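Chain residues, written in single-letter form:
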Amino acid sequence: MERARTLGELKESGYGRVSVKDELRANLIRKLQTGERLFPGIVGYDESVIPQLVNAILSRHNLILLGLRGQAKSRIIRQLTRLLDDAIPILKGSEVNDDPFHPISAYGRQMVELHGDSAHVDWIASDARFVEKLATPDVTIADIIGDVDPIKAAKGGHLLSDELTIHYGLLPRANRGIFAINELPDLAGKIQVGLFNIMQEGDVQIKGYPVRLPLDVMLVFSANPEDYTTRGKIISPLKDRIGTEIMTHYPKEIELGVEITRQEAWTARDGFKDRLHVPDFIREVIEQIAFEARDDQRIDKHSGVSQRLPITVMESVVSNAERRALMTEEEQMVPRIADIYAAIPSMTGKIELEYEGEQVGAHRIAKDLIKRAAGEIFEGYFVGIEFTGAVAWFDEGNNLRLADTAAAEECMLLLESVPELIDTALIPFDFKRKDKAKTVAACEFALEGLYAENKISRNEEGGYTAVTKAKKDRRGMIYDDLTETGKYS
């Protein structure tokens, strides 16, 4: 349909005004009735966060999402625009999206008084009705609410007390839309008071002049639960005004984590898309690293371990496999355990360490996480399968080093010297020995699993050797070798 261009045409079209919360509610109900997916790309929240979010919107509540970093809070907030109408009418030139039927600004009221039904109407899309602000201690009332603009006053010949001299802040500009504030506790107390006042009373004082702005806006906040509960920086009246508090969380199952990482990680490289094959066990080991890190006592629980960790690790793993393919001119790109070790720089920046962890160091903790993750996934694939011949070969004093830059052909020659290793490593998988790149990846995974179970050792250079049962110090004392943890008993 052709859209109305004047207030008179809008009246004739029968357009009915609804508040933004009613609009969100109506569109949500329509999507629920048609069975449409509400938040595409949001994985793992179908039974927890999304039902609570739906209830909040149906209740016309302002809401806050509480969760650690990397839990898709910002993505959920930005997807709320999908529940807005495609376009709504506003008075042309209005800074605060004035409703043509009920303008709230002095400019809007003047337009209607001067031009009546001839007042021009514009249409704004749903994306333009979303305003987002990251809360920082230096945010001012002028940023959020507005301030007197002396230049406007001088140019227009207005008194400073005239509402036409106001330069509106972000909140009034979000009128008839969604206003989101990330990390709410970091917002200064006086700004929170101003925010609450305009929500509750619809008025505000700018430079001592009272201004009435009955805004129609949906308020959405996000915060870290640690900040929210212990730092106490959200003022009580504002906290009380937030209708629904929703807790987000990390994936509870490894399969969900794998699905998120598969969706978000950039692995479809130009020119290599059809050549890349990432084995499931590599995906699972990468995801398990994040699960292990979230349970590790040496890593700060309050900071959390973001879902960005496995995403960036996956991208680095694929890049290392890509580098190997470019150097060796191999046709197939299959990531291996060695590529995960090469991706350690993608892990160390994603974990905040406790005091005990600082003493060990992020690099060593990352290696320990890879070992534990590989051991956990190895148990699932190789339950009841023994590598007796391979372990005995290492115990005889033999060793094996598979460089992360070595071609699959070269690695196969080395692996064939280890009795029973290749045939045993391929038992759980559906590919054949002739798939050399995949076979090497499977064998290296098996060796890492044996290392995790302390049946063989792994040195700093990535070589696998016999496990050392005990060592003697210079006084002849025997102690267990726990070199990989940096400790001795």
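Nothing here was measured: the structure is a model prediction, and the numbers come from that model. Residue positions are counted from 1 within each chain, in the order its sequence is given. Side-chain atom pairs in this predicted model are given and counted only at pLDDT of 80 or more, local residue features only at pLDDT of at least 70, and totals for whole chains, interfaces and linings cover all residues. Values shown for side chains rest on all heavy atoms present in the structure; no hydrogens or waters enter the calculation.

Moving on, we get to the sheet that holds strand 7 (residues 177-182). For two strands to count as paired, DSSP must find a minimum of two bridges between them. The numbering of helices and of strands both runs from the N terminus, where a helix is a DSSP run of H or I of at least 4 residues and a strand a run of E of at least 2. Strand order across the open sheet formed by five strands is 4-7-10-1-11, with parallel pairing between neighbours. The sheet terminates laterally at strand 4 (130-134) and strand 11 (244-247), the two strands that pair on one side only. The average angle at which neighbouring strand axes cross in this sheet is 15°, direction not considered. What makes two residues a contact is simply this: any of their non-hydrogen atoms within 4.5 Å. Only the stretch in contact is used when fitting a helix axis, every axis being a line fitted to C-alpha atoms; angles between N-to-C directions are given from 0 to 180 degrees. Those strands touched by helix 3 (residues 49-58) are strand 1 (63-66), strand 10 (217-223) and strand 11, and its axis lies near 170° from that of strand 11.

Moving on, we come to the sheet that holds strand 14 (residues 463-466). Pairing is antiparallel in the open sheet, where three strands are placed in the order 12-14-13. The open sheet terminates on both sides in strands that have one partner only, identified here as strand 12 (400-401) and strand 13 (456-458). Where strand 12 and strand 14 come together, two bridges link them in antiparallel fashion. The residue of strand 14 that forms the bridge with L400 is Y464. This element, helix 19 (residues 388-395), spans strand 12, strand 13 and strand 14 of the sheet and lies at about 85° to strand 14.

With respect to the helices and strands, T244 occurs in strand 11. Between buried and exposed lies partly exposed: a residue is buried under 20% and exposed over 50% of the maximum accessible area for its type, with that area taken using a 1.4 Å probe on protein chains only. By relative accessible area, T244 is classed as buried at 16%. When neighbours within four sequence positions are excluded, T244 is seen to be in contact with Q52, A56, H61, N62, L63 and I64.

Looking at the protein chain as a whole, the pLDDT averages 86, with 89% of positions reaching at least 70. Element-level pLDDT for the protein chain is lowest in strand 15 (residues 470-472), with a mean of 45, against a maximum mean of 96 in helix 3. pLDDT measures how confident the predictor is about each residue, on a scale from 0 to 100. Between residues 228-232, whose pLDDT stays under 50, and residues either more than four places distant or in other chains, the model counts ten contacts. Counting contacts from residues 470-481, a segment whose pLDDT is below 50, to residues more than four positions away or on other chains yields 18 contacts.

For the rest of this paragraph, the subject is the pattern of salt bridges. Pairing between side chains becomes possible if they bear opposite charge and their charged atoms approach one another. We define a salt bridge as a side-chain nitrogen of Lys or Arg found within 4 Å of a carboxyl oxygen belonging to Asp or Glu. What the rule picks out here adds up to 25 salt bridges. Here the salt bridges do not stand alone but share partners, grouping E292, D296, R298, D368 and R372 into one network.

Okay, the pairing of strand 2 (residues 87-91) next. Of all the five residues making up strand 2, five are buried; the element is thus mostly covered by neighbouring parts of the structure. Residues of strand 2 alternate between two faces, with A87, P89 and L91 on one and I88 and I90 on the opposite face, all of them buried. Summarising the sheet, strand 2 and strand 3 (residues 121-125) pair through five bridges and their orientation is antiparallel. Opposite L91, over in strand 3, you have V121 as the bridge partner.

This paragraph deals with helix 13 (residues 280-295). For the α-helix, the turn length of 3.6 residues means that residues three or four positions removed from each other point alike. Helices are assigned an expected span. That span is 1.5 Å times one less than the residue count. Over its 16 residues, helix 13 extends 23 Å from the first C-alpha to the last, a length consistent with the 22 Å expected when each residue adds 1.5 Å. When you tally the buried positions in helix 13, you get 13 out of 16 residues, the bulk of the element.

We now examine the layout of surface pockets. Only protein atoms enter the 1 Å grid used here, on which a cavity is any set of points holding a 1.4 Å probe that cannot leave and a pocket is any open set flanked by protein within 12 Å on both sides along at least five of seven lines; residues with an atom within 4 Å of a point are listed as lining. Grid points are joined across faces, edges and corners, and a volume is the space filled by probe spheres set on the points. By volume, the largest pocket amounts to about 660 Å³. Lining the largest pocket we find 32 residues, and of these G70, Q71, A72, K73 and R308 sit closest to its centre. Listing elements by their share of the lining of the largest pocket, those giving two or more residues are helix 4 (73-79), helix 10 (225-231), helix 12 (254-264) and helix 14 (308-328). In terms of residue count, the dominant contributor to the lining of the largest pocket is helix 4 (four residues). Here the residues of the lining of the largest pocket are counted per class, giving nine nonpolar, 14 polar and nine charged. We call Asp, Glu, Lys and Arg charged. Ala, Val, Leu, Ile, Met, Phe, Trp, Tyr, Cys and Pro are nonpolar, and the rest, Gly among them, are polar.

Turning our eyes to something else, we now look at the nonpolar core. Note on terminology: a nonpolar core comprises buried Ala, Val, Leu, Ile, Met, Phe, Trp, Tyr and Cys residues joined through side-chain atoms within 4.5 Å. Judged by nonpolar contacts, the single largest core of 75 residues is most densely connected at I340, M347, F387, L415, F445 and L447. Residue contributions to this core peak at ten residues, all from helix 22 (residues 436-452). Apart from residues no more than four positions distant in its own chain, F387 is found in contact with F378, F382, L421, T424, A425, A446 and L450.

It is worth spelling out the environment of G397 at this point. Positionally, G397 belongs in the loop between helix 19 and strand 12. Spatially, the C-alpha atoms of G397 and A466 are 6.5 Å apart, while their sequence positions differ by 69 residues.

Viewed as axis vectors pointing N to C, helix 13 and helix 18 (residues 362-381) meet at an angle of 125°, and their least axial separation amounts to 8 Å. On the basis of their axis angle, the class for helix 13 and helix 18 is oblique. Our pair here, helix 13 against helix 18, has a crossing hand that is right-handed. Listed contacts from helix 18 to D280, F281, E284, V285, Q288, I289, E292 and A293 of helix 13 are L369, I370, R372, A373, A374, E376, I377 and Y381. When the residues that make up the contact of helix 13 with helix 18 are grouped by side-chain class, the tally is ten nonpolar, one polar and five charged. For this classification, under 35 degrees means roughly parallel, over 145 means roughly antiparallel, 65 to 115 means roughly perpendicular, and everything else is oblique. By definition, any crossing whose near helix is turned counterclockwise from its far helix by less than a right angle is left-handed, and any crossing with a clockwise turn is right-handed.

We now examine the packing of aromatic side chains. Each aromatic pair joins two rings of Phe, Tyr and Trp (for Trp, the six-membered one) with centres within 6.5 Å, and gets the label stacked for planes under 30 degrees apart, edge-to-face for over 60, and tilted for any other angle. Throughout the structure, instances matching the rule amount to 14 aromatic pairs. Summarising the aromatic geometry, the rings of F281 and F445 are spaced 4.6 Å apart at their centres and angled 10° between planes, so their arrangement reads as stacked. You can see F281 sitting in helix 13 and its partner F445 sitting in helix 22, a full 164 residues away along the chain. Note on accessibility: F281 and F445 belong to one class, buried. Through a chain of ring-to-ring contacts, the aromatic side chains of F281, F378, Y381, F382, F387, F429, F431 and F445 assemble into a single cluster. If you follow R294 out to its NZ or CZ, it ends over the ring of F291, 5.7 Å from the centre. Over the aromatic face of Y451 sits the side chain of K371, whose NZ or CZ is 4.5 Å from the ring centroid. Our definition puts a charge over a ring when NZ of Lys or CZ of Arg is within 6 Å of the ring centre and also within 35 degrees of the ring normal.

Next up on the list: the packing of helix 20 (residues 408-415) against helix 22. The angle between the axes and the distance between the axes are what describe a pair of packed helices. As a packed pair, helix 20 and helix 22 sit with axes 9 Å apart at the nearest point and diverge in direction by 50°. Taken together, the axes of helix 20 and helix 22 are oblique relative to one another. As for the relative orientation of helix 20 and helix 22, their crossing is left-handed in sense. Here A408, E409, C411, M412 and L415 of helix 20 lie close against helix 22, whose contacting residues are K436, A437, T439, V440, C443 and L447. Classifying every residue of the contact of helix 20 with helix 22 gives eight nonpolar, one polar and two charged.

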